[in-house]
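This is what each chain is made of:
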Amino acid sequence: MYSMFTSTIAAISTPHGKGGIAVIRVSGDEAIQICEKFVYPVSKKDLSSLPSNCAVPVNIMYENGILLDTGIVSVFRSPKSFTGEDTVEISCHGGIVVTQEVLSRALACGAVMAGPGEFTRRAFSSGKISLSQAEAIGNIIDAKSAGSIILSNRNAQGQLSKYTDKIYNEAKNVLSEVYAETDFPDEGLSSMSKEEMRERVEIIVHELESLISTYETGKAVVEGIPTVICGKPNTGKSTLLNLLCREDRAIVTDIAGTTRDVITESVVCGNVTLNISDTAGIRETADEVESEGVRRSLKQMEKSDLLICVFESVSYDENDEIILRKAKEMQNQGATVLIVINKIDLNDNPDETHFKDFSNIIKISTKNDSYYGTISEAINKLYMCEQLSDISSPVLTNARQKANAEKALNSAKGALTALKESSIDVAGTELEGVMTSLGELDGRQVGIEIVDDIFSRFCVGK
Ligand SMILES: Nc1nc2c(ncn2[C@@H]2O[C@H](COP(=O)(O)OP(=O)(O)OP(=O)(O)O)[C@@H](O)[C@H]2O)c(=O)[nH]1
Ligand SMILES: [Mg+2]
């Protein structure tokens, strides 16, 4: 098979450290010839005579004929391999030194060290996988929750690619009709009426809008939501952080002003990942250290997408007003606000009239573990993450994908307006824009810097 990469690469694909087995992966035109120099099947057959997709027991040898290790070798011939190239995977004993020695033999015999994500990059470059499939594979490796694996697997199986390919082809079909109309207006080549073109583009707009709406779920599950716990002193913010972390992460006392600095954690709550910060209680104060804490709390509120604002069931005062004003301001700018009325063990019928501008309100006692379910359910509901198995559509999982989908949507809307105004040339340009943005989303026309950036986030060996 034609390969655009001239070198054959090698790397340890299993994590660094002691384990039962380790895998060294070698990929490229010379993979089999290189491994043949130090890996010998126990059957005495040559490695190069083995059929594709088979695994055989082998002896792995030092240059001077001394045994380095015994193991199993799998041979995958191009194009039927992950990278699309000839690939040899050597499973050896998983000691730190023995693994490194096997890799050194591969390098000494002609392979070069693989860069981060280079195997996956080769799979992308040889057309085995799309860019969104490559990103999904990275997400599976980085997954912090079962939910993240479920969603990422859907994209890894190509669901997002199939969906964007379909829209791409729809845009292409309308575009060819537009070209027929603009380039040969008198020859009647276009079989589509303007009305039909408009209807087709309306469908594209609708499909892109529903794709973009999935990012809220994708972000919550895969990337995590920047979240702040805020409120006046002593309302139970740190107790709430500890409840969500299920450990005593932050100091809790009955002294108002216990938390002085911002404490940040990544916690999985049901299917949602929260990148959550506990903050100093917000109040008017003359204490210099505390007022710096308050300043940081307000800044954290501005930086967060989800504001969990904690109030007490037994008191409401001007400090709570400061929090609510800020929360309302942030809500107007697009943040999500969850109002938590805490300490309902002290008063189970608190006054809720102060919170009429907010629709997400829960009443709990953070001291009592049994309320974990109440807060988890509320948060998962906010991001439509209660039942991921119910979601059948593909899901956008990162900001890059969303930005490209939004660009495609803007172009599609532009095409629709142009068709309504009978500016058929402009409609053509806009439809080309739809195709370019979808091409960027899934890698058909993506720039090299973006590809570099995506694969640099992978580990070496993947
Ligand atoms: N009765 C009752 N007390 C609670 C509850 N949750 C927290 N507390 C108590 O409230 C006090 C303050 O709790 P913290 O979690 O430190 O409150 P905070 O909001 O982080 O306080 P600062 O860091 O000072 O702003 C502690 O004595 C907690 O034990 C609750 O649900 N019911
Ligand atoms: Mg605290």
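1. Remarks on the overall build of the protein
Phase 1 of the analysis: If you tally the helices and strands in the protein, you get 15 helices and 13 strands.
Phase 2 of the analysis: The C-alpha radius of gyration computed for the protein amounts to 29 Å, which surpasses the reference 23 Å derived for 462 residues by more than 25%, pointing to a less compact arrangement than a globule.
Phase 3 of the analysis: The principal-axis extents of the C-alpha atoms in the protein amount to approximately 80 × 75 × 40 Å.
Phase 4 of the analysis: When burial is assessed residue by residue, the protein has 51% of its 462 residues classed as buried.
Phase 5 of the analysis: Within the protein, contacts between residues separated by at least 24 positions form 67% of all contacts whose residues are at least 6 apart in sequence.

2. As for the site of ligand 1
Phase 1 of the analysis: Neighbouring ligand 1 are 23 residues; Lys237, Thr239, Gly257, Thr258 and Ser365 lie closest to it.
Phase 2 of the analysis: One of the side-chain N or O atoms of Lys237 is found 2.7 Å from an oxygen atom in ligand 1.
Phase 3 of the analysis: Note that a nitrogen atom of ligand 1 is positioned 2.9 Å from one of the side-chain N or O atoms of Asp345.
Phase 4 of the analysis: Relative to its free-state accessible area of 650 Å², ligand 1 is covered by the protein chains to the extent of 92%.
Phase 5 of the analysis: Here the element with the most residues in the shell around ligand 1 is helix H9 (residues 237-245); it accounts for three residues.

3. Focus: a nonpolar patch on the surface
Phase 1 of the analysis: Together, Leu107, Met113 and Val460 make up an exposed nonpolar region whose accessible area comes to about 220 Å².
Phase 2 of the analysis: Of note, Val460 is situated in the segment after helix H15 (448-456).

4. Quick word on the sheet that holds strand S4 (residues 54-61)
Phase 1 of the analysis: Strand order in this open sheet of seven strands is S3-S4-S5-S6-S2-S1-S7, and the pairing throughout is mixed. Pairing within the sheet leaves two strands with one partner each, and these edge strands are strand S3 (39-41) and strand S7 (112-113).
Phase 2 of the analysis: Here two bridges tie strand S1 (residues 9-12) to S7, and the two strands are oriented parallel to one another. Within S7, the position partnered with Ala10 by the bridge is Met113.
Phase 3 of the analysis: Those strands touched by helix H3 (residues 118-125) are S1, strand S2 (19-27) and S7, and its axis lies near 135° from that of S1.

5. Looking at the packing of helix H7 (residues 194-213) against helix H13 (residues 399-420)
Phase 1 of the analysis: At a minimum axis separation of 9 Å, H7 and H13 run at an interaxial angle of 155°. Taken as axis vectors, H7 and H13 run roughly antiparallel relative to one another. Both H7 and H13 take part in a crossing whose hand is left-handed. Residue-level contacts link Met197, Arg198, Val201, Glu202, Ile204, Val205, Leu208, Glu209, Leu211 and Ile212 of H7 to Lys402, Ala405, Glu406, Ala408, Leu409, Ala412, Lys413, Ala415, Leu416, Leu419 and Lys420 of H13.
Phase 2 of the analysis: Counted by class, the contact of H7 with H13 contains 14 nonpolar, no polar and seven charged residues.

6. Side note on the pattern of salt bridges
Phase 1 of the analysis: This model, assessed by the stated rule, comprises 27 salt bridges.
Phase 2 of the analysis: The residue Lys343 makes a salt bridge to Glu312 at a minimum N-O spacing of 2.7 Å. With Lys343 in the loop between strand S12 (336-342) and strand S13 (361-363) and Glu312 in strand S11 (residues 306-312), this pair connects stretches of sequence that are 31 residues apart.
Phase 3 of the analysis: Judged by relative accessible area, which is 21%, Lys343 ranks as partly exposed.
Phase 4 of the analysis: Accessibility expressed as a relative area gives 16% for Glu312, which makes it buried.

7. Thoughts on the packing of H13 against helix H14 (residues 424-442)
Phase 1 of the analysis: In the contact formed by H13 and H14, the axes pass within 8 Å of each other and the chain directions differ by 165°. By the angle between their directions, the pair H13 and H14 is classed as roughly antiparallel. Handedness of the crossing formed by H13 with H14: left-handed. In this structure, H13 contributes Arg400, Gln401, Asn404, Ala405, Lys407, Ala408, Ser411, Ala412, Gly414, Ala415, Ala418 and Leu419 to the contact, and H14 contributes Ile424, Val426, Ala427, Glu430, Leu431, Gly433, Val434, Ser437, Leu438, Glu440 and Leu441.
Phase 2 of the analysis: By residue class, the composition of the contact of H13 with H14 is 13 nonpolar, six polar and four charged.

8. What to know about the nonpolar core
Phase 1 of the analysis: Residues Leu240 and Leu274 are the most contacted members of the largest nonpolar core, which totals 34 residues.
Phase 2 of the analysis: Of all the secondary-structure elements, those providing two or more residues to this core are helix H8 (215-223), strand S8 (225-230), H9, strand S9 (263-269), strand S10 (272-278), S11, S12 and helix H12 (372-382).
Phase 3 of the analysis: Among the nonpolar cores identified, the runner-up in size contains 33 residues, and Leu160, Tyr168, Ala412 and Ala427 belong to it.

9. A word on the side chain of Ser304
Phase 1 of the analysis: Secondary-structure assignment places Ser304 in the loop between helix H10 (288-303) and S11.
Phase 2 of the analysis: A distance of 2.8 Å separates a polar atom in the side chain of Ser304 from the backbone oxygen of Gln300.
Phase 3 of the analysis: With near-sequence residues (within four places) excluded, Ser304 lies in contact with Pro226, Thr227, Val228 and Ala335.

10. Some thoughts on the pairing of S10
Phase 1 of the analysis: Across the seven residues that make up S10, a large majority, six, are buried.
Phase 2 of the analysis: Sheet analysis places S8 next to S10, joined by five bridges and oriented parallel. Across the sheet, Pro226 pairs through a bridge with Asn275, a residue of S10.
Phase 3 of the analysis: Relative to S10, S9 runs antiparallel, the two sharing seven bridges. By the bridge assignment for S10, Ile263 is matched with Asp278.
Phase 4 of the analysis: From the end of S9 to the start of S10, which pair antiparallel, there are two residues, and Gly270 there has a positive phi angle of about 65°.

11. Looking at the domain arrangement of the protein
Phase 1 of the analysis: With domains assigned, the protein is organised as domain 1 (9-127), domain 2 (135-214 + 396-442) and domain 3 (220-389).
Phase 2 of the analysis: Relative to domain 3, the C-alpha centre of domain 2 lies at a distance of 39 Å.
Phase 3 of the analysis: Across the boundary between the two partners, domain 2 contributes 12 residues, which contact nine residues of domain 3.
Phase 4 of the analysis: Of all residues in domain 2, Lys144, Ser145 and Leu151 give up the largest surface area on contact with domain 3, accounting jointly for 44% of the area buried on that side.
Phase 5 of the analysis: The interface formed by domain 2 and domain 3 includes zero salt bridges.
Phase 6 of the analysis: Put simply, domain 2 and domain 3 have one residue pair in polar contact (both at pLDDT 80 or more) between them.
Phase 7 of the analysis: Looking at the side of domain 2 that touches domain 3, the element that brings in the most residues is helix H5 (residues 146-156), giving six residues.
Phase 8 of the analysis: Counted by class, the side of domain 2 that touches domain 3 contains three nonpolar, seven polar and two charged residues.

Cut-offs applied
Residues numbered from 1 in each chain as written. Chains lettered and ligands numbered in written order. Predicted model: local features only at pLDDT ≥ 70, side-chain atom pairs only at ≥ 80, totals over all residues. Heavy atoms only, no water. Helix = DSSP H or I, 4+ residues; strand = E, 2+ residues; numbered from the N terminus. Rg over C-alpha atoms; globule rule 2.2 N^0.38 Å. Buried < 20%, exposed > 50% of the residue type's maximum accessible area, 1.4 Å probe, protein only. Contact = heavy atoms within 4.5 Å. Near = heavy atom within 4 Å. Polar contact = N/O pair within 3.5 Å; in protein donor to acceptor, adjacent residues only side chain to side chain. Areas by Shrake-Rupley, 256 points an atom, 1.4 Å probe, with all protein chains shown as cover. Patch = residues over 30% accessible without salt bridge, like charges linked within 9 Å, V, L, I, M, F, W, Y side chains within 5 Å. Salt bridge = Lys/Arg side-chain N within 4 Å of Asp/Glu carboxyl O. Pairing = 2+ DSSP bridges. Axes fitted to C-alpha atoms, helices over the stretch in contact; angles between N-to-C directions. Parallel < 35°, antiparallel > 145°, perpendicular 65-115°, else oblique. Left-handed = near helix turned anticlockwise from the far one by under 90°. Nonpolar A, V, L, I, M, F, W, Y, C, P; charged D, E, K, R; others polar. Core = buried A, V, L, I, M, F, W, Y, C linked by side-chain atoms within 4.5 Å. Domains from an automatic or database assignment. Buried area = accessible area lost by both parts, 1.4 Å probe.

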